[in-house]
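Examining the three-dimensional arrangement
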Amino acid sequence: MLYKNLLLLICRMGEIVWLLSAICTPITNCGLKICPFIKQERDHAKKLDENRRRLRRAAERLSARKDDIEHEIMNKRITKTTTREWEAWVNGVEEIGEEVKILEAKYRKSRRFHYITCAFQSRAKLSRDMETKAEEIDSFTNQMSSDKAMVDREPVAPASHSFRKKEELSWVKNNVDRILDSLGQEKMKKIGVFAFAGMGKSTIFESLYDRSRESGLFHHVIFVKVEENDREEKIRQSILEQLNLKLNVGEIRTAHRIAHTISTALHNRKYLLMLDQVSEEIDLKELGIYDSHSDGKVVVATRYKSVCDNMNMDDSWELEHMSERDALVLFRQIAGEAADYERNKHEAKRIVKECGGMPLLINAVATYLKSEENDEVWSDCLWKLQSSTYDDDLGPFSESYNVFKLVYDRLNDYRKKCFLYGALYPLDHQIYEDHLIECWRAEQFIPATEGSNTGQVFRRARHEGHATIRCLINACLLKRCRKVKYVTIPYLFRNWALKTGEGVSSLVIPSNGMGMCQDPKWISLKCNDLSSSLPRVSYHMVTTLFLQRNEGLDLEQIRDHIFVLKSRLRVLDLGYTGIKSLPSSISNLINLKALYLNNCSELGELPAKIKKLKSIEILDICQTGISHWPDEIGDMTGLRCLRVSFVRNVGNHHHNEVQPWKIIARLPSLEELTIVVDEVYQNQWNGIFLDEKWNNVAQEIAEEVAKLKFLTTLHIYFPSVKCLDAFIRESKSWNEKDGQWGEKTFRSFKITVGSFSRHYEIDMNEHKAERHLKFFAYNELSDFHGSLSTISEVLKQACTFELIGHKTIEDLSGFGINNMAGLKVCAIKDCNQMKTIISGNNEEDAALKELKQLHLINLSKLTSICEGLMGEESFASLTTLIISNCHELSVILSIKMIQRITLLEHLRVENCSKTTDIIGVSEQDGNNPTPSLPRLKSLQLVNLSILQNFCQNVTLNGPSLRAMEIDQCWMLQNLPLSLNNTENLRLIKCHESWWNQLNLEPHTRSRYQAFCHFI
């Protein structure tokens, strides 16, 4: 039994061993397989710190790649825009950044439990994740480059200027892009570009000017067109004006002082100085432009490479020439549909080829053929361009001569003379249209015209003169300048004017290297040419002599040549010279019709014999040292245009006598009268303020002016409305409503009324303002309704109205809405009772429907721009609205107003402490108002401390918006824009802290970030 039990136990133990063996063998085999995995996990865990460093390096490379591309985008934001691929990649960078943060958090947590043995598995997994993410980041980083991030911008919609159309062509874009890219480089401070005349330098510079201003890269963009032989003094003056800098009254105006003023203003400012048409080296230090200006840039355009070399440009190159394709596109743009007619296509290509890729010539020929459908005219044009008749070997000038002859021969005889006469002005000179027309009139180029009012011959002459200027501009023989009422002659065409036909026998301009003829008719001499030129010229045939702007002119040099008996001289211009007196022999100039002595500060008096000039029609003695109006002027009974100054110390002369009365009334033919009473210089003079001297005689002068029967132009200062009223009531010319000109009895006027005060200046660059009324109403308290009546009478003919300092008026409606129908510009300042601009009560009355500019400054009680009922066309032409220091104005524009001002291009609102909304929405506007400003180009909101909305709960539709400035509007939390309607946006100027606090979606912020220029 014992044996049996022992045997059974042994069997049971065998079973157990077998069972254990069956179990342990797989475990052993599995363990043998698991050991390498455990080793691998342990290895990954050991590499955790290394993989974390690798991940951080990859993230840093990604961030650096993003920063580098963003920096390049910022540098090229003017010419490039970001791609959708870039925006998607940036979103990917943000996502990766979040994923890296999660991994970093896990890493920090793992460090807290690294002493626990079993934690190696989680550390191994984290290590693998970091390694994998680092590889993904490296791959993602390599997916993006600057070429993929940016593409060329689409051209901005053309503006009114012709160069905006040309900007679509690659020759303009490529040249401007290259300049802008260079300006974006920190080390490039001075850049020079050069090209032959007629290659479009000025067009490219005009485009560069506009795009530089839009870019926001610069606080100041200064454009100076340098005329031939311009000295630094004139360039400094242009810079002063563009920077709106004024020296203090009485301050010594030395070159060093002015340069110091400019330098101080530009110090620590980002500025771009553009000098166009530079013909010789300019010392920038003499202009106040120093190398120490770390943020200043200079770009120079010239015809000569040597100018760039001598001025030590950091970089310079020749401008890219127009391609054949672009030349043909430009030609078609100007010539119109006729260029695409099948029968004209072949001629069009050959004509363009004859123009040699020169924009000036292409423009001239295309204008010549504009809308011309007759194919025979096209064939004849091509034949003329291929048939040069000039004897000399012209070389590169051959194309320009043939084009010049083509357009010049189309002019009638008197307009040919008018054009040739314009060549008297210096090279690249900006010619004042009125001066040119006056000279044409004096030379009797403008034909006599019949009219019902035989006394107003000057008015008809000016109309014909402006028609001639338009004709010459259309023929491309003249070109309008950026400065209103100024023109210039293209360099190439001016050269041919001096070399062809009557120009050879009529003109003497030795400073330009032109040959001198024996018996010239018209002479223009610079000071340094006088001694060498005068003995070689016979003066008995001379009818025009230009000697202006010769500061060192000594009349003794020319007295025996010019002031002689039987002189044929009709025009003598001595303006801006240093002459101190006129010889008595001036009386010999019996045929003289125009005498210009303006700005001769050292000229103290006129000789008594000047009264013998019975033929004279124009006398300009503005801003001279003449202390009183000589009585002899009253004997010049043929005068039709008189310009004089009243109260101002000029040069070293003191004005001790002021007795101008009883002279004007003796000039029965007078049509144009300018009396300059300087409103800037109000120094005390012998214990009496300057304007008080005028006040003592103004009433009598007004009475004399009122007696003039043919007056059509008047520039004058009336010290009170009472004085103006006396003139309006008694003036024969003002009240001649039944004549040829109807209600517009005056062609031009600039009437200033009331006591002078320093005031806000309107930029008139875009408006000629031929009829300008400026009313200083500070002291006009009595007879309120009488003053309204008088001012209203002038407003009937006015284009520009400035109302300053009125203490009782509450809106403009008191002047009569119909009386202001012709206003183009209106500025209102310091009217502390004005509550609204227009208060209407008739839906059919359109208020200010022709108004283009509205300036509202310091109106402390203004609550709205318009109230009540008025016609739908009210304010329909408004393009510029500027509002400043109107502290009761909570809402700038209503939805109804927005619907009227669809042409608005520029809106600026500043320093309005209670403004909460720019566009106000009311219940009457419905549930879904959609405010639209389709033409708005620039929006400026400055120091609006409680502004909360541009338009509450509504997004502005502004597809033309190019630039936006938002400064010190800290409560504004959203941009008034959407990604769908800002394709032309180029600039958002703001504080970085404000930008960072905006409530923007990530993709929206990314989209607009490239346009930001932080203040």
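Residues numbered from 1 in each chain as written. Predicted model: local features only at pLDDT ≥ 70, side-chain atom pairs only at ≥ 80, totals over all residues. Heavy atoms only, no water.

Here's the deal with the confidence of the model for the chain
The predicted model of the chain has a mean per-residue pLDDT of 81, with 79% of residues at 70 or higher. Within the model, pLDDT remains below 50 along residues 154-167, and this stretch shows 31 contacts once partners closer than five positions in the same chain are excluded. Ignoring residues within four places in sequence, the model shows residues 648-658, a span with pLDDT below 50, making 33 contacts including any to other chains. (pLDDT = per-residue confidence, 0-100. Contact = heavy atoms within 4.5 Å.)

Describing a negative patch on the surface
Among the surface-exposed residues, Glu-280, Glu-281, Asp-283 and Glu-286 lie close enough to one another that they form a single negatively charged patch. Checked against the element boundaries, Glu-286 lands in the loop between strand E5 (271-278) and strand E6 (296-302). (Patch = residues over 30% accessible without salt bridge, like charges linked within 9 Å, V, L, I, M, F, W, Y side chains within 5 Å. Areas by Shrake-Rupley, 256 points an atom, 1.4 Å probe, with all protein chains shown as cover. Salt bridge = Lys/Arg side-chain N within 4 Å of Asp/Glu carboxyl O. Lys, Arg positive; Asp, Glu negative; His and termini not counted. Charge placed at Lys NZ, Arg CZ, Asp CG, Glu CD. Helix = DSSP H or I, 4+ residues; strand = E, 2+ residues; numbered from the N terminus.)

Section: helix H10 (residues 255-266)
With twelve residues, H10 extends 17 Å from end C-alpha to end C-alpha; this agrees with the ideal 16 Å at 1.5 Å per step. All of the buried residues in H10 are Ile-258, Ala-259, Thr-261, Ile-262, Ser-263 and Leu-266. Once H10 ends, the next one or two residues include Asn-268, with phi positive near 60°. (Expected span 1.5 Å × (residues − 1). Buried < 20%, exposed > 50% of the residue type's maximum accessible area, 1.4 Å probe, protein only.)

Comments concerning unusual backbone geometry
Look at Phe-875: it is not a glycine, yet its phi comes out positive at around 60°. If you trace the backbone, Phe-875 turns up in the loop between strand E28 (866-869) and strand E29 (880-884). Exposure remark for Phe-875: the relative accessible area of 0% places this residue in the buried category.

Some remarks on the pairing of strand E27 (residues 853-857)
Of all five residues making up E27, five are buried, and the element is well covered by its neighbours. Side-chain alternation along E27 places Gln-853, His-855 and Ile-857 on one buried face and Leu-854 and Leu-856 on a second face that is also buried. Bridging between strand E25 (residues 825-829) and E27 involves five bridges; their strand directions are parallel. Looking at E27, one finds that Lys-829 is bridged to Ile-857. Across five bridges, the pairing between E27 and E29 is parallel. The residue of E29 that forms the bridge with Ile-857 is Ser-884. (Pairing = 2+ DSSP bridges.)

A short note on the nonpolar core
Judged by nonpolar contacts, the single largest core of 141 residues is most densely connected at Ile-675, Phe-801, Leu-803, Leu-812 and Phe-875. Beyond its immediate stretch of four places on either side in the chain, Phe-801 contacts Leu-773, Phe-775, Ile-791, Leu-795, Leu-812, Phe-815, Leu-823, Val-825, Cys-826 and Ala-827. Residues Leu-180, Leu-328, Leu-406 and Tyr-425 belong to the second largest nonpolar core, which totals 99 residues. (Core = buried A, V, L, I, M, F, W, Y, C linked by side-chain atoms within 4.5 Å.)

A closer look at the sheet that holds strand E32 (residues 917-920)
As summarised here, the arrangement of the three strands in space is E30-E32-E34, forming an open sheet in which the pairing is parallel. Edge positions in the open sheet fall to strand E30 (891-894) and strand E34 (949-951), since each of these has one partner strand only. Neighbour to neighbour, the strand axes of the sheet diverge by 30° on average, direction disregarded. Here E32 pairs with E34 via two bridges, running parallel. Counted as the bridge partner of Asp-917 is Asn-949 from E34. (Axes fitted to C-alpha atoms, helices over the stretch in contact; angles between N-to-C directions.)

Describing the packing of aromatic side chains
All chains considered together, the criterion is met by 21 aromatic pairs. Where Phe-205 meets Phe-223, the ring centres are 6.2 Å apart and the plane angle is 70°; that geometry is what we call edge-to-face. Here Phe-223 lies in strand E4 (residues 220-225) and Phe-205 lies in helix H8 (residues 201-215), a separation of 18 residues in the sequence. You'll find Phe-205 and Phe-223 in the same group, each marked buried. Ring geometry for Tyr-421 and Phe-445: centres 5.7 Å apart, planes at 75°, overall edge-to-face. Here Phe-445 lies in the loop between helix H18 (433-442) and helix H19 (457-474) and Tyr-421 lies in helix H17 (residues 413-422), a separation of 24 residues in the sequence. A relative accessible area of 0% means that Tyr-421 is categorised as buried. On the basis of relative accessibility, which here comes to 8%, the residue Phe-445 falls in the buried class. Its guanidinium or amino end placed over the ring of Tyr-491, Arg-303 lies 4.0 Å from that ring's centre, counting from NZ or CZ. (Phe/Tyr/Trp six-rings, centres within 6.5 Å; stacked < 30°, edge-to-face > 60°. Lys NZ or Arg CZ within 6 Å of the ring centre and 35° of its normal.)

Points about the pairing of E25
Of all the five residues making up E25, five are buried; the element is thus mostly covered by neighbouring parts of the structure. Residues Val-825, Ala-827 and Lys-829 of E25 are buried on one face, and the alternating residues Cys-826 and Ile-828, pointing to the opposite face, are buried as well. Pairing of strand E24 (residues 800-804) with E25, which is carried by five bridges, proceeds in the parallel orientation. The partner of Thr-800 across the bridge, within E25, is Val-825.

Things to note about a positive patch on the surface
Taken together, the side chains of Lys-609, Lys-611, Lys-612 and Lys-614 define a basic patch exposed on the protein surface. Looking at the element boundaries, Lys-609 is found in the loop between strand E15 (594-596) and strand E16 (618-621). By relative accessible area, which is 40% here, Lys-609 ends up partly exposed.

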